[in-house]
Amino acid sequence: RDDKKIIFLAAAGGGGWKSTDGGKTWASIGDSWPTQFTGPLRMSTANPDIIVVGLGDFAHERGILGGVMRTADGGKTWKHHPGPDDGFKKARVSAIDS
């Protein structure tokens, strides 16, 4: 982002977070997501308002709902893209390529 004070974070069991003051305070952005088990987070280099966060539980093999959450408005609204379901792993996301 051009604004260096805006930071996004995905915490491995703690959901998504956003800071607008360089990390001094944080607000949850993932309360409405289908799971708080998050993985990689990637911001578009072409458009920093586009952010994708991978979902799913890897450590405990519980088959927690996966897929990705995506925003095109800098985190104001999010849409869940579940991806394929193989009956157990449910499309857990471990990496997001550009």
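Residues numbered from 1 in each chain as written. Predicted model: local features only at pLDDT ≥ 70, side-chain atom pairs only at ≥ 80, totals over all residues. Heavy atoms only, no water.

1. Concerning the overall build of the protein
Note the threshold: Elements are defined by DSSP. Helices are runs of H or I of four residues or more, strands are runs of E of two residues or more, and each kind is numbered from the N terminus. Summary of the burial criterion: residues with accessible area below 20% of their type's maximum are buried, those above 50% are exposed, and those between are partly exposed, where the area comes from a 1.4 Å probe applied to protein chains only. Contacts are assigned to residue pairs with any non-hydrogen atoms lying within 4.5 Å of each other. Under the convention used here, a 1.4 Å probe and the Shrake-Rupley method define accessible areas, while residue burial counts only the protein chains that appear.
In terms of helices and strands, the protein carries zero helices and seven strands. Starting at the N terminus and ending at the C terminus, the protein contains elements arranged as β-β-β-β-β-β-β. Counting every position in the protein, which comprises 98 residues, the buried fraction comes to 32%. Restricting the contact set of the protein to residue pairs at least 6 apart, pairs at least 24 apart contribute 37%. Here the protein has roughly 5,800 Å² of accessible surface; of this, 53% comes from carbon and sulfur atoms.

2. Describing the sheet that holds strand 5 (residues 51-55)
This is how the line gets drawn: By definition, two strands form a pair when at least two bridges between them are found by DSSP. Only the stretch in contact is used when fitting a helix axis, every axis being a line fitted to C-alpha atoms; angles between N-to-C directions are given from 0 to 180 degrees.
Taken in spatial order, the four strands line up as 4-5-6-7 in an open sheet, and their pairing is antiparallel. Each having just a single partner strand, strand 4 (38-43) and strand 7 (79-81) make up the two edges of the open sheet. Ignoring which end each strand starts from, the neighbouring axes of this sheet average 20° apart. Across five bridges, the pairing between strand 5 and strand 6 (residues 67-71) is antiparallel. By the bridge assignment for strand 6, Val52 is matched with Arg70.

3. Looking at the pairing of strand 6
Burial of strand 6 is extensive: four of the five residues sit out of reach of the surface. Sheet topology note: the strand 6/strand 7 ladder contains three bridges and is antiparallel. Considered in strand 7, the bridge of Met69 is made with His80.

4. Examining the confidence of the model for the protein
Basically, it comes down to this: As a per-residue measure, pLDDT reflects the predictor's confidence and takes values from 0 up to 100.
Per-chain confidence: the protein averages 81 in pLDDT, with 73% of residues scoring 70 or above. Put simply, strand 4 is where the protein has its lowest mean pLDDT, 87, and strand 3 (residues 27-28) is where it has its highest, 94.

5. With respect to the side chain of Thr35
The line we're drawing: For the purposes of these results, a polar contact is taken to be a pair of N or O atoms within 3.5 Å, where, inside protein, one atom must be able to donate a hydrogen and its partner to accept one; residues adjacent in sequence count only when each atom of the pair is a side-chain atom.
Position of Thr35 among the secondary structure elements: in the loop between strand 3 and strand 4. Within polar-contact distance, the side chain of Thr35 engages the backbone nitrogen of Phe37 at 3.1 Å.

6. Some details on the sheet that holds strand 1 (residues 7-11)
Spatially, 1-2-3 is the arrangement adopted by the three strands of the open sheet, whose pairing is antiparallel. Either end of the sheet is taken by a strand with one partner, and the two such strands are strand 1 and strand 3. Bridge count between strand 1 and strand 2 (residues 15-19): five bridges; the pairing is antiparallel. The residue bridging Leu9 from the neighbouring strand is Trp17, located in strand 2.

7. Comments concerning the packing of aromatic side chains
Defined as follows: Centres within 6.5 Å make a pair out of two Phe, Tyr or Trp rings, where for Trp the six-membered ring is used; the pair is then stacked when the planes are under 30 degrees apart, edge-to-face when over 60, and tilted otherwise.
In the structure shown here, the tally under the stated rule is one aromatic pair. On the basis of an interplanar angle of 70° and a centroid distance of 5.0 Å, the ring pair of Trp33 and Trp78 is categorised as edge-to-face. Of this pair, Trp33 sits in the loop between strand 3 and strand 4 while Trp78 sits in the loop between strand 6 and strand 7, placing them 45 residues apart in sequence. Residue class for Trp78 comes out buried when judged on its relative accessible area of 18%.

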